[in-house]
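# Observations on chain architecture
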Amino acid sequence: MNAERDLAPLAPSVVRALNDKLYEKRKVAALEIEKLVREFVAQNNASQIKHVIQILSQEFALSQHPHSRKGGLIGLAACSIALGKDSGLYLKELIEPVLTCFNDADSRLRYYACEALYNIVKVARGSVLPHFNVLFDGLSKLAADPDPNVKSGSELLDRLLKDIVTESNQFDLVGFIPLLRERIYSNNQYARQFIISWILVLESVPDINLLDYLPEILDGLFQILGDNSKEIRKMCEVALGEFLKEIKKNPSSVKFAEMANILVIHCQAADDLIQLTAMCWMREFIQLAGRVMLPYSSGILTAVLPCLSYDDRKKNIKEVANVCNQSLMKLVIPEDDEMDEAKQSMTLPAEPTSEESVSKPETASSGSLDASGDSNFSNSSVFTVTSSERIQVTLNLDGIVQVLDCHLHDTSIGMMTRIAVLKWLYHLYIKTPRKMFRHTDSLFPILLRTLSDESDEVILKDLEVLAEIASSPAGQTEGHGPSDGSDVRPGPVELHVPARAGQLSSSGMKALECSPSTPTMNSYFYKFMINLLKRFSSERKLLETRGAFIIRQLCLLLNAENIFHSMADILLREEDLKFASTMVHTLNTILLTSSELFQLRNQLKDLKTPESRNLFCCLYRSWCHNPVTTVSLCFLTQNYKHAYDLIQKFGDLEVTVDFLTEVDKLVQLIECPIFTYLRLQLLDVKNNPYLIKALYGLLMLLPQSSAFQLLSHRLQCVPNPELMQTAHLASGMENFTCGVAMETSRAGKEVYGERRRQPEGAPKADSTKPSAGFKRTTASNIDYTELLQHFEKVQNKHLEARHQRAGRAEQLDRRVIL
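Residues numbered from 1 in each chain as written. Predicted model: local features only at pLDDT ≥ 70, side-chain atom pairs only at ≥ 80, totals over all residues. Heavy atoms only, no water.

### Points about the overall build of the protein
The test is simple: Think of it this way: any DSSP run of H or I at least four residues long counts as a helix, any run of E at least two long counts as a strand, and we number them from the N terminus. Buried, partly exposed and exposed residues are distinguished by accessible area as a fraction of the type maximum, computed with a 1.4 Å probe on protein chains only: under 20%, between the cut-offs, and over 50%, respectively. For this analysis, residues touch if any pair of their heavy atoms sits within 4.5 Å. Each accessible area is a Shrake-Rupley result for a 1.4 Å probe, and residues are judged covered by the shown protein chains and nothing else.
Helices and strands together make up the secondary structure of the protein, namely 39 helices and two strands. Split into buried and exposed, the 818 residues of the protein put 50% on the buried side. Restricting to contacts in the protein with at least 6 residues of sequence separation, those with at least 24 account for 76%. As displayed, the protein has an accessible area near 39,500 Å², and 51% of this comes from carbon and sulfur atoms.

Below, the structure is given as structure tokens:
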């Protein structure tokens, strides 16, 4: 090749110097090229300028010879210097060969390429911005270069380019974002550091609104946050913090919905810093965007619920997750319960109302990230929309219920998570009952299984959910009834309105005050009672350890009379007689000893109303499964003659150790405060002879034991009626007259009270008949003969069942012997 002709207008000496291995000779050649290009610029000879650049690019910079490539790079830099402000016209031809050398295997050549590009950019300044993407791409590669000199050179070029971008208002952010989104997923530490540094620079430029494109890079930022380098993690944390500050300042321009799923993913990250940061962002998103986040509730709950069971090692994450959970729960409102599917997509403001505004989380200390401090924003910073700026929001209830159901089925989740799940179910039944009852049949089994949980708190919340299901008016809607045909009750049992006022504890009352449900029992109530008894039957340990606790809490949440009435009705048809006897004993113990059943005991003690007598008869028929509990029920209701008649029948029963043990417990109960009125009635020997006979009957049943001694001593305190009559005669006419007056007054009050209780048109009581005691008057509608016959019938069934069990055991022993 004829170099002199082919490389003109470059002089042969210049060409030789550019190919020389010595830097000084190449530098001299570059000065000559600069002089030559200046002459062409003065002559306005653009064609010669392009020709010189082409020669330097094709014949030198892209040459196979390393020294020629070095000469080409310094020559291109000299051209740029000579061109000055006109270099912008030739930037593409100047930059492309230099960037190609960035990939050269020779580290020295890569360094010279950095130097050349630095000089080109320094001269062109703002003119290089149209070529920013290719420059950024090349620099991102050099940022990870293993050679320290190359890396140092790239850093100088990087700072120069950042200065140009900062001072310019012509940066093409839209064209840059795709490249940034691609490069942000680099795994190289230096490349990541380079990316974060550029994001911080762009975020600091007032004319560049990077927040609009945050959804494009947010996922990559969270991945960089998990880098092994503390310096990079800190830089990324600062960048995310700046973005969050900007979001709080301008929430109306934030694309919350596009970033919701990204946060959901990183809220489940294994790295604590990523998880805490993502959870803090999620907290702010829920509080700022309000119901905009509602369609993503299922994903948010998937991420948040497990965090609620974290220990103190992840206390910060747990606290922020708790705020997220509570804030999200408050976004669900009664309007979400629209039955018309066409109205599911509602037009609602993006921010909750003042009554549903979220509470500010408590301050949680952390190292580099404040777990709760970011939530302290003023009301003016909350995202609000005008009447013309409305958003369409749909509550994905099916997805939420599916997530909650999965967490309840997961036995590995912690106690606080299970409690949160049950709180969510209760909240949904309160706010969206009609929609929730579509899922009740699928939720019912797991809610019943949750009653076997080890935690009392979990059981309490589970009972609240079941009680709301059983009492919600939405459960009476057609099509929402129990689907299990076997659970349909065989006969009507009157259910009454629960008297919640005055029965509930403070926690129970607080939970129910927000319920829109009227206190009536729906079609699920009886199904609940049946399945609860089935569970007690299949899990005897649950009945022994938690049975009383569960039933007592239900009596607070629902109507105690309805519970006992329905359970007695179900047990009346129970085929497993042994379980029926055990269950009756449990219910009787609760009835006699629980403070929650004070009103029910008073109702049964007097039997003044048809409802109370109806309840007594219902309880009695089931209580017959256990002879001793039947007697205790008669004692409670002051049916002493019938109690005596029952005890007389005990002689025909099989007296076992368990039977005597129950008699012993009954004697102990008689000495308790519940039966104070019974013990006081022992003073009135004349009007309570059957009470004394019944107690003597129990005494005769007992062996010589501590209970025998206790009851015997009690009966020894009963006054002798003849002595009391003598003392009465000796008291004098004045006391006798006073006593008659008091008795007359008492009788008048009883008659007056009885008349007031009689319904209009009812026949008046015959005042000419002698008084036969309180029970004969108030319980006159009860057929005690029929009840006694029922008792004998039930006990015969128990006797037959015991004989059958004994026969089967004997046959089994014979088989073993054979």
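### Examining unusual backbone geometry
For the bond from Ala8 to Pro9, the omega torsion is 15°, close enough to zero to count as cis. Mapped onto the fold, Pro9 is located in the loop between helix 1 (3–6) and helix 2 (12–18). Although it is not a glycine, Asn44 adopts a positive phi angle of roughly 60°. Notably, Gln638 is not glycine yet its phi reads approximately 65°, a positive angle. For Gln638, the location among the structural elements is in the loop between helix 30 (627–636) and helix 31 (640–649). By relative accessible area, Gln638 is classed as buried at 10%.

### Structural notes on the packing of helix 3 (residues 23–43) against helix 4 (residues 46–61)
The axes of two packed helices give the description: the angle between them and the distance between them. Applicable threshold: Note on geometry: axes are lines fitted to C-alpha atoms, helical ones only across the stretch in contact, with angles between N-to-C directions running from 0 to 180 degrees. Oblique is the label for every angle not falling under 35 degrees (roughly parallel), over 145 degrees (roughly antiparallel), or within 65 to 115 degrees (roughly perpendicular). Put simply, Ala, Val, Leu, Ile, Met, Phe, Trp, Tyr, Cys and Pro go in the nonpolar bin, Asp, Glu, Lys and Arg in the charged bin, and everything else, Gly too, in the polar bin.
Packing of helix 3 against helix 4 leaves a shortest axis separation of 9 Å and a crossing angle of 155°. Put simply, helix 3 runs roughly antiparallel to helix 4. Residue-level inspection shows Ile33, Leu36, Val37, Phe40 and Val41 of helix 3 in contact with helix 4, the latter providing Gln48, Ile49, Val52 and Leu56. Looking at the contact of helix 3 with helix 4 residue by residue, the classes come out as eight nonpolar, one polar and no charged.

### Here's the deal with helix 12 (residues 214–224)
Most of helix 12 is tucked away: nine of the eleven residues are buried. For helix 12, the complete set of buried residues consists of Leu214, Pro215, Ile217, Leu218, Asp219, Gly220, Leu221, Phe222 and Ile224. Buried residues belonging to helix 12 abut helix 10 (173–183), helix 11 (189–204), helix 13 (230–249), helix 14 (256–266) and helix 15 (272–289).

### Topic: helix 16 (residues 297–304)
For helix 16, the tally of buried residues reaches six of eight residues, placing the bulk of the element in the interior. Among all positions in helix 16, only Ser297, Ser298, Ile300, Leu301, Ala303 and Val304 are buried. Of the surrounding elements, those touching the buried residues of helix 16 are helix 14, helix 15, helix 17 (315–329), helix 18 (397–409) and helix 19 (415–431).

### Here's the deal with the packing of aromatic side chains
Definition in use: Two rings from Phe, Tyr or Trp (for Trp, the six-membered ring) form a pair when their centres are within 6.5 Å of each other. A pair whose planes differ by under 30 degrees is stacked, one over 60 is edge-to-face, and the rest are tilted.
Taken as a whole and assessed by the stated rule, the structure comprises 24 aromatic pairs. Judged by centre distance (6.0 Å) and plane angle (5°), the rings of Tyr23 and Tyr112 are stacked. Here Tyr112 lies in helix 7 (residues 107–124) and Tyr23 lies in helix 3, a separation of 89 residues in the sequence. On the basis of relative accessible area, Tyr112 is assigned to the buried category, the value being 13%. Between Phe132 and Trp198 the ring centres are 5.1 Å apart and the planes differ by 70°, which places this aromatic pair in the edge-to-face class.

### With respect to the pattern of salt bridges
Short version of the rule: Note on definitions: salt bridges are taken to be side-chain nitrogens of Lys or Arg within 4 Å of carboxyl oxygens of Asp or Glu.
Tallying each qualifying case throughout the model produces 30 salt bridges. Note that Arg540 and Asp576 form a salt bridge whose closest N and O atoms lie 3.0 Å from each other. Pair noted here: Arg540 is in helix 25 (residues 540–557) and Asp576 is in the loop between helix 26 (560–571) and helix 27 (577–593), with a separation of 36 residues, a long-range link. For Arg540, a relative accessible area of 29% corresponds to the partly exposed category. Connected through shared salt-bridge partners, Asp137, Lys141, Glu182 and Arg183 make up one network.

### Some thoughts on the environment of Leu76
Note that Leu76 resides in helix 5 (residues 66–83). A relative accessible area of 0% means that Leu76 is categorised as buried. Distance from Leu76 to Leu117, taken between C-alpha atoms, is 8.9 Å for residues 41 residues apart in sequence. In this view, Leu76 contacts Ile53, Leu56, Ser57, Ala61, Leu94, Pro97, Val98 and Ile120; residues no more than four positions away in its chain are not counted.

### A closer look at the nonpolar core
Within soluble globular proteins, side chains that are nonpolar tend to cluster in buried spots. So the rule is basically this: We define a nonpolar core as any set of buried Ala, Val, Leu, Ile, Met, Phe, Trp, Tyr and Cys residues linked to one another through side-chain atoms lying within 4.5 Å.
Ranked by size, the top nonpolar core spans 247 residues in total, and within it Trp281 and Phe635 carry the most contacts. Here this core takes twelve residues from helix 15, the largest share from any one element.

### Structural notes on the side chain of Thr450
Examined against the element boundaries, Thr450 turns out to sit in the loop between helix 21 (440–449) and helix 22 (456–471). You can call Thr450 buried: its relative accessible area is 7%. Ignoring anything within four residues of it in the chain, the contact list for Thr450 reads Leu408, Leu422, Val458, Ile459 and Asp462.

### Topic: the environment of Leu592
Tracing the backbone shows Leu592 in helix 27. Looking at Leu592, the relative accessible area reads 0%, which means it is buried. When the C-alpha positions of Leu592 and Ser632 are compared, they lie 8.6 Å apart, and in sequence the two are 40 residues distant. Once you skip the residues sitting within four places of it in the chain, Leu592 turns out to touch Arg601, Ser632, Leu636, Leu669, Ile674 and Phe675.

### Observations concerning the confidence of the model for the protein
Formally: As a per-residue measure, pLDDT tells how confident the predictor is, with possible values from 0 to 100.
A residue-level look at the protein finds 79% of positions with pLDDT of 70 or above and a mean pLDDT of 81. In this model residues 1–5 is a low-confidence stretch, pLDDT under 50, and it forms three contacts with partners more than four residues away in sequence or in other chains. Taken together, the stretch residues 478–519 has pLDDT below 50 and engages in 79 contacts with residues farther than four places along the chain or on a different chain.

### What about the environment of Gln553?
With respect to the helices and strands, the residue Gln553 is situated in helix 25. Counting along the chain gives 89 residues from Gln553 to Glu464, while the straight-line C-alpha distance between them is 8.8 Å.

### Concerning the state of the cysteines
For clarity, the threshold we go by: Disulfides are defined as pairs of cysteine sulfur atoms found within 2.5 Å of each other.
If you walk through the whole model with that rule in mind, you get zero disulfides. Just so you know, Cys617 is unpaired, no disulfide at all, and the nearest cysteine sulfur is the one on Cys618, 8.8 Å from it.

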